Structure formats: structure tokens, C-alpha cells
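Structural overview for review
Below, each chain spelled out in residue letters.
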Amino acid sequence: MAGYLARRVLQSVVVVVLVAVLTFVLLQLLPGGPARAILGPKATQLQIRTFLHDNGYDRPLVTQFLTWAGRVLHGDLGYSYKLNQPVTDVIADHLPKTILLMTLSTLVALVVAVPLGVYQARKRNTLGDYVATGLSFAFYSMPSFFLGEILVLLFAVQLQWFSPLGPSGDSLGEILSQAPALVLPVLTLALITIASFSRYARSSVMENLGQDYVRTALAGGASEGKVLTRHVLRNSLIPIVTLLGLSLPQLFAGALITEQVFNYPGMGFTFIQGAQVHDYPVLLGIGLVVALATVAGSLLADIGYAVLDPRVKY
């Protein structure tokens, strides 16, 4: 196990470095460049050259990357030109809000998806199974911005149950104090996640219901409900644990669009705002954080898989 973890950590470091290099290069290819974005369209060529020289943008690309990577290793993610504050402070302000949104949507998705998957497995090939499958495919294939707009039209405009905008504020306390405004953003992400989780839960429960240990337990006099809750459900949750770790990129991508739709002040909203003004340090910092979270999620999923399934030996 220790050897496997060491290899996975090494692979994770390589992946993060490659993502950082790719993100750094792609951002340099954006039209206009940082000087024009910061100084504005009326900046003279002399002002632009001075800005590029003072910030190191006139150096070779490799030198720029190594300089940035060296600062990152010391905890310095750069300085946001537009927000006029260190990138670490920007991320510290907005990351908890995105984590809150993703956590709430994931919890809602699990609470709904696992029982739904169990129901579909037990009632497979019935009308209820077909309806749930159709809805799952519909939500899974639906873009998050489109689903968010539909929920706004239905619950905010037509029924007027919730606000069309998400909560606002500088702290988590202020965000949580506006709980009704969280409903639509959380529901948007949750519906898409439910569709994915329920399909995996259904397949996993169906597979375990056909195993010998289930037939043995039922033949020994155990009730179907007891076998389902004590044995089948635990084994069926193993793929869901793996899926949780691997779904971080999908969740963040959904949060990025959802936050923009509902004007929610999280990392996704900040990333979009930074992209519009070519705030390179913010884009690089958020990209690096997402890469680290994705790699960590994948590693934790592998560890969780081994803990839940004793048959797995690394």
C-alpha cells in the first residue's frame, strides 16, 4: 500500500506540473496580452513596453514560467491587477463559497441518488424505472446554464418562491444567512449530479443483488430489507466513492457556469470575471487550485476504494 501511494503521489505531482505548464502557455496565447488589458486601449507603446519589462512579460516563456513556479513554491501566487490584491487572498475569499456550493449540492445529490438507484434496481424494467432513467438522461445531458435558467423561470419568475440571484456577501456567515437564495444554485448542480450518481447506484445494486452472498443470506432466513441495507448497499457504494473523487472537475465546471448564472461570488464567478479582463495571475492561481483538487480527489478515491473493498490489494 505504501509503495502504491508513493507512486500515485509522484504521478499526481507530474500531472499538476503538466497542467500548470499547459495553463501557463494557453494564457499567454490569449489575444491582447496583460498590458493592453490592464493599461487600457489608449495606452501608448512606450507604456506597454514599460509594463511588460517591469512585470517580466518580455522575458522568454520558459523563464517566465520558472519564475512564476518558484514564487508558487513559496506560497506566492502573484498579484491581481484588477482586484488590487494578492491572488492568495482572492482565492481565500472565494474558495470557501464554492466549496460550500459544491458540498451542499453533492450531499443533496447523494441523499436522492442512492435511494433512487436502489429503487430502480429493485423495480428494474418497470414504468418507474423507465421514468427515472429518462429524467436522469435528460438532466445529465442538459447544460448547467440552461437548467439554471429553467429553474429561475419556473421557481423565481413564475412561482416567485426563490430569488433569481444567489446569495451575496464577503463571508460564509453572510452567505448562509441568505439560505433561500442558495436553493436554486444548489438545485442546479444537484440535479445534474443526481443523474450521474443514480445511474451508477442502479448498476451497482443490480450487480450485487445477483451475487451468491445475497442468495445465501436470503436462503438463511434474512429479510430482503436487512440484506439490502447491511450488505448490498455497502458494497454498492464503492463505485459511488470512486465517482465522488473523480467528479470534482465536473462539479467545478458546473459551479463555474452556475455561479455566473446566479451571480454567486465563488471561484467560478471570479474565474469568469478574471478571464474577461485577462487577469493572468488570478486565472493561473485558480487553475492551479483546481488541478490540485482534482488530483487529490482522484487519490482519495483510490484510497477509499481500498478501504471499503478489502478484496482490493495494491
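The rules behind these values
Residues numbered from 1 in each chain as written. Predicted model: local features only at pLDDT ≥ 70, side-chain atom pairs only at ≥ 80, totals over all residues. Heavy atoms only, no water. Helix = DSSP H or I, 4+ residues; strand = E, 2+ residues; numbered from the N terminus. Buried < 20%, exposed > 50% of the residue type's maximum accessible area, 1.4 Å probe, protein only. Contact = heavy atoms within 4.5 Å. Phe/Tyr/Trp six-rings, centres within 6.5 Å; stacked < 30°, edge-to-face > 60°. 1 Å grid on protein atoms, 1.4 Å probe; cavity = no way out; pocket = protein on both sides within 12 Å on 5 of 7 lines; lining within 4 Å. Points joined across faces, edges and corners; volume = space filled by probe spheres on them. Nonpolar A, V, L, I, M, F, W, Y, C, P; charged D, E, K, R; others polar. Core = buried A, V, L, I, M, F, W, Y, C linked by side-chain atoms within 4.5 Å. Expected span 1.5 Å × (residues − 1). UniProt positions renumbered as here; feature names shortened; annotations may be inferred.

Mapping S105 onto the fold places it in helix α5 (residues 87-122). Using a relative accessible area of 0% as the deciding quantity, one classes S105 as buried. Residues within four places of S105 in sequence aside, it is in contact with V186, L189, A190 and L251.

Under the counting rule described, the total for this entry stands at 3 aromatic pairs. Between the aromatic rings of F65 and W68, the centroid separation amounts to 5.9 Å while the plane-to-plane angle is 45°, which identifies the pairing as tilted. Taken together, the residues span about one helical turn, with F65 and W68 both in helix α4 (residues 61-73) at a distance of 3 residues. Each member of the pair F65 and W68 is classed as buried. These aromatic residues form a ring-pair network of at least three members: F155, W161 and F162.

Before going further, it helps to examine empty space enclosed by the protein. Within this structure, the stated rule accounts for 1 cavity of 30 Å³ or more. Considered as a void within the structure, the largest cavity measures approximately 50 Å³ in volume. Around the largest cavity, the lining residues are T193, S196, F197, L243, S247, Q250 and L251. Listing elements by their share of the lining of the largest cavity, those giving two or more residues are α9 (179-209) and α12 (248-262). With 3 residues, the single largest contributor to the lining of the largest cavity is α9. Among the residues forming the lining of the largest cavity, the class breakdown is 3 nonpolar, 4 polar and no charged.

In terms of nonpolar packing, the biggest core is built from 24 residues, with W68, L77, I91, F252, I286 and L288 touching the most fellow members. The element best represented in this core is helix α14 (residues 280-308), accounting for 8 residues. Not counting residues within four places of it along the chain, the set of residues in contact with I286 comprises I91, F252, M267, T270 and F271.

So, about the side chain of T258. One can find T258 in helix α12. When sequence neighbours within four positions are dropped, the list of residues in contact with T258 reads S144, P185, T188 and L189.

To continue, consider α12. Between its first and last C-alpha atoms α12 spans 20 Å; for 15 residues at 1.5 Å apiece the expected length is 21 Å, and the two agree. Regarding α12, the residues found buried are L251, F252, G254, A255, L256, T258, E259 and F262. Positive backbone phi, approximately 55°, marks N263, located one or two places after α12.

Our next topic: the layout of surface pockets. The rolling of a water-molecule-sized probe over the atoms marks out the regions of remaining empty space. By volume, the largest pocket is sized at about 420 Å³. Looking at the largest pocket, it is lined by 23 residues, and the ones nearest its centre are I99, M102, L248, L251 and A293. Counting residues per element, the ones that place at least two in the lining of the largest pocket are α5, α11 (224-246), α12 and α14. Top element by residues in the lining of the largest pocket is α5. It accounts for 8 residues.

The next thing to look at is the UniProt feature "transmembrane region" (unreviewed entry) in the chain. Under the UniProt annotation, "transmembrane region" (unreviewed entry) lies at residues 12-30, 99-118, 130-155, 175-197, 237-262 and 282-308. End C-alpha atoms of residues 99-118 are separated by 28 Å, and the span's content is 100% helix alongside 0% strand. A helix fraction of 92% and a strand fraction of 0% characterise residues 130-155, whose end C-alpha atoms lie 26 Å from each other.

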